[in-house]
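Results of the structural survey
Okay, here's what each chain looks like letter by letter:
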Amino acid sequence: MKTIPTDKRKKLYILAAAVFMLLSAVLNLCMGASGLTLRELWEALTGGPSGTVAGRILWYVRFPRTFACLLAGSALAVSGAVIQKVLANQLASPSIIGVNAGAGLAVTACCAMGIYHAWAIAGFSFAGAMIATFMVVIAGRKSGASRTTVILGGVAVSACLNAMTEAIKTLVPNAATASQDFRVGGFSSVDQARLLPASVLIIGGILVVLTLANDLDVLSLGDDTAGALGLKVSLFRNCMLTLAALLAGSSVSFAGILGFVGLIVPHISRSIVGNDCSELIPFSIFFGAGFVSVCDLISRLIFSPYELPTGILMSFLGGPFFIWLLLNKKEHSK
Amino acid sequence: MIELKDLYVSYDGVETVHGVDCCFPEGKISVILGPNGCGKSTTLKAIMRLVPEIKGKIYIGDEDLDGLSQKDLARRVAYLPQSRNVPDITVSKLVMHGRFPYLSYPRRYKKEDYKKVNEALEWVGLTDYGDRKLESLSGGQRQKAYLAMAMAQDTATIIMDEPTTFLDIKNQFELLERSRIFSDMGKTVIMILHDFESTLHYADHVVLMGDGKVLSSGSAYDVISSKELKETFGVAPCFYEGDDGLHCYVKA
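Residue numbers run consecutively from 1 along every chain, following the written order of its sequence. Here the convention is simple: chains get letters from A, ligands get numbers from 1, in the order in which they are written. Local features are withheld for residues below a pLDDT of 70 in this predicted model, meaning they are given only at 70 or higher, and side-chain atom pairs are given and counted only at 80 or more; totals for whole chains, interfaces and linings count all residues. Calculation of side-chain values draws on the structure's entire complement of heavy atoms; hydrogens and water are dropped beforehand.

Things to note about the overall build of chain A
For the record, the criterion: Each helix corresponds to a stretch of at least 4 residues labelled H or I by DSSP, and each strand to a stretch of at least 2 residues labelled E; elements are numbered beginning at the N terminus. We compute the radius of gyration from the C-alpha atoms alone; for a globule the expected value is 2.2 Å times N to the 0.38, where N is the number of residues. Exposure is judged per residue with a 1.4 Å probe applied to protein chains only, and the accessible area is read against the type maximum: over 50% gives exposed, under 20% gives buried, and values in between give partly exposed. Pairs of residues are marked as contacts when any of their non-hydrogen atoms sit within 4.5 Å. For the accessible areas, the method is Shrake-Rupley and the probe is 1.4 Å, while residue cover comes only from the protein chains on display. For the purpose of counting charges, residues Lys and Arg are taken to be positive, whereas Asp and Glu are taken to be negative. His and the chain ends are not included. By convention, charge coordinates are those of NZ in Lys, CZ in Arg, CG in Asp, or CD in Glu.
If you tally the helices and strands in chain A, you get 15 helices and zero strands. Its C-alpha atoms give chain A a radius of gyration of 20 Å, near enough to 20 Å, the size a compact globule of 334 residues would have. Counting only C-alpha atoms and orienting by the principal axes, one finds that chain A spans roughly 65 × 60 × 40 Å. Taking all 334 residues of chain A together, the buried fraction comes to 55%. The long-range share in chain A, meaning contacts at least 24 apart out of those at least 6 apart in sequence, stands at 74%. In the structure as shown, chain A presents an accessible area of about 14300 Å², 70% of it carried by carbon and sulfur atoms. Each charge class in chain A can be summarised by its mean position, and for the 23 positive and 15 negative side chains these summaries are 4 Å apart.

See below:
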């Protein structure tokens, strides 16, 4: 019996992405204002946080920061890949359909009310992301649910939510100061207390998405075909959008608004491993984590000892990439 | 056998199917004829529970549709809609999706699934196309890939909504011949066609619809020669005896 050929090359790409993620994590641990050699890194790892200065830097600063980069990168990349698949729109992403703006507003409102508890911030961020997602989806459906209307709906919802965020910051100046990190996006103020709730939500969410990768592919066959194959289309679509909002919202809760990661990473991943979610999602996890980790490293080193917020670097990279994407699509359509 | 009893279907409160009663016999090819917009596709979608507002009863064999989950239904009936996406996936992956109704969490395919997929690809003659992207195939080959997916679904009934649309004449005949093979295998085939000659040649049972209702049903000759069909389409089919049986054509 002839078996269906499996593409081993794609599995190698996923492995390469995993190696890239590990390398970027090691570089992130070693490099910074105070550099660590591999030997010092090893001693700090084995000596624990109470040993040398290098040990304290590693355990209290570099570890949480690197872990945060990996978490945020993988969460935003998977969130973007899921949103693009569910909405059948390759230009959709957490930031473009208003997820980040919704989470940003929720966190600003949280700060304005004087709530700074890590779990509360994560919860508000998730709720804000989810409400924004459903506002865009409902607006898109009411107006015909074409790819363009979803994007335009996202722009409108984002503009509205951002205006509300600005209004809160004007009326409650303390909220502006407290939410500064969220607006630009970065990892300079990451701590373990903030990371813990988000990491539970992100790791859990990614595991669920991984097991439902096949269902995402079935959904891309179209609503009628997917429904006829036994998929509960509306329920599944809403569940996946909720998961995407959970991932993006959790990331925003500790890393702030990191624009374009959810757009860039799924696109690059798709061009390397294709559109099959059983390969696209794992690749996006590793590549997204490595990509954010590298961006964070560059933002820390480029003007060392000063630090550029990672979100600013992301936007510098993301803006031109988005324009290139639009131009490239136009070339293909000719 | 699939039986519809007093079926009403609405979209956003607007009723488009009004009290349809009909039966699609087991192991036979049933064809639904009718003008555009008369509720043919909506009736088939109602069987697959793909329309939101359904009243009346639908029986799949002797089971009430209300008692079946969506996956139970997908294990009994395969459905190829009129318009389909061309997803960016390989042919073998598409056919593999035909096994989706049999997957349980966490979605791992078994040897049996791969066997069914390989058999289906072989049956439609696309074994060598397994690694090809669906979008790189011709319209006829894509239709075969979707047929293979329906075959891999391993159901007792296959529903096809205008399967010959956009196909050249050779591919149309090939698809209809495969429908005949499906029925010879004991499967119930239900499809929407617009060509009277093909219907006369391939259909064992015909249902004529108009304005969301069943106007007549019976053998292909009885329905195509009926006055209800003349009134519905405003044409009078002519019949003649050929070497291989009865044929018909429509005068302009």
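Overview of the sheet that holds strand S2 (residues 14-24) of chain B
Residue and element names in this part refer to chain B. The test is simple: Between any two strands, pairing holds if DSSP finds at least two bridges. The axes used here are C-alpha line fits, helices contributing only the stretch in contact, and every angle between their N-to-C directions lies in the interval 0 to 180 degrees.
Strands sit in the order S2-S1-S4-S5 across an open sheet of four strands; the sheet is antiparallel. Both outer strands of the open sheet, S2 and strand S5 (63-64), are each paired with one neighbouring strand and no more. Relative to S2, strand S1 (residues 2-11) runs antiparallel, the two being bridged by eight bridges. Paired with Leu 4 across the two strands is Cys 22, which belongs to S2. Helix H1 (residues 40-47) rests against S1, S2 and strand S4 (53-60) of the sheet, and its axis sits at about 110 degrees to S1.

Regarding the pairing of strand S11 (residues 237-242) of chain B
Residues and elements named next belong to chain B. By the bridge criterion, six bridges tie S11 to strand S12 (residues 245-250) in an arrangement that is antiparallel. Bridging from a neighbouring strand, Pro 237 pairs with Val 250 of S12. Turn length for the S11-S12 hairpin, with the two strands adjacent in sequence and antiparallel, is two residues.

With respect to the pattern of salt bridges
Our working rule: When a carboxyl oxygen of Asp or Glu is within 4 Å of a side-chain nitrogen of Lys or Arg, the pair counts as a salt bridge.
The final tally for this structure, using the stated rule, is 23 salt bridges over all chains. One salt bridge in this structure joins Arg75(B) and Asp72(B), with 3.2 Å as the shortest N-O distance. A residue pair is termed a helical-turn pair when its members lie 3 or 4 positions apart in one helix, as Arg75(B) and Asp72(B) do in helix H2 (residues 70-76) at three residues. Arg75(B) gets classed as partly exposed once you look at its relative accessible area, which sits at 33%. When its relative accessible area of 22% is taken as the criterion, Asp72(B) is described as partly exposed. Across the salt bridge formed by Arg180(B) and Asp204(B), the nearest N and O atoms sit 3.5 Å from each other. You can see Arg180(B) sitting in helix H6 (residues 169-184) and its partner Asp204(B) sitting in the loop between helix H7 (196-202) and strand S9 (205-210), a full 24 residues away along the chain. Given a relative accessible area of 32%, Asp204(B) falls into the partly exposed group. Three or more residues are tied together by salt bridges with common partners; here these are Arg65(A), Asp296(A), Arg300(A) and Glu307(A).

Some details on helix H9 (residues 192-211) of chain A
All names here are of chain A. Convention followed: In a helix, the anticipated span is given by 1.5 Å times the number of residues less one. Think of it this way: the bend at a residue is just the angle between two axes, each fitted to seven residues, one set ending at that residue and the other starting at it.
The end-to-end C-alpha separation of H9 is 28 Å, in line with the 28 Å expected for 20 residues at 1.5 Å each. For H9, the principal kink sits at Ala 198 and spans about 30 degrees. Those residues of H9 that fall on the buried side of the exposure criterion are Arg 194, Leu 195, Pro 197, Ala 198, Ser 199, Ile 202, Gly 205, Ile 206 and Val 209.

Structural notes on the packing of helix H5 (residues 139-152) of chain B against H6(B)
Residue and element names in this part refer to chain B. Keep this limit in mind: Orientation is classified from the angle alone, with under 35 degrees giving roughly parallel, over 145 giving roughly antiparallel, 65 to 115 giving roughly perpendicular, and any other angle giving oblique.
Between H5 and H6, whose axes approach to 10 Å, the crossing angle comes to 10 degrees. With respect to H6, the element H5 is oriented roughly parallel. For the pair H5 and H6, the contacting residues are Gly 140, Gln 143, Lys 144, Leu 147 and Met 151 in the first and Asn 171, Glu 174, Leu 175, Arg 178 and Phe 182 in the second.

Notes on the environment of Leu15(A)
Residue and element names in this part refer to chain A. As for its position among the elements, Leu 15 is in helix H1 (residues 8-30). By relative accessible area, which is 53% here, Leu 15 ends up exposed. A sequence separation of 268 residues divides Leu 15 from Phe 283, and the C-alpha atoms of the two residues are 8.3 Å apart.

Some details on the nonpolar core
For the record, the criterion: For this analysis, a nonpolar core means a set of buried residues of the types Ala, Val, Leu, Ile, Met, Phe, Trp, Tyr and Cys, connected via side-chain atoms within 4.5 Å.
Within the largest apolar cluster, 135 residues are counted, with the highest numbers of intra-cluster contacts made by Val82(A), Phe187(A), Val209(A), Leu216(A), Met240(A), Phe254(A) and Ile281(A). Looking at which element gives the most residues to this core, the answer is helix H12 (residues 233-255) of chain A, with 13 residues. Once you skip the residues sitting within four places of it in the chain, Phe187(A) turns out to touch Arg65(A), Ala68(A), Cys69(A), Ala72(A), Phe254(A), Ala255(A), Leu258(A), Val292(A), Asp296(A) and Thr310(A). Membership of the second largest hydrophobic core comes to 29 residues, among which are Ile2(B), Ile47(B), Leu73(B) and Ile159(B).

Any functional reading would require information that these geometric values do not contain.
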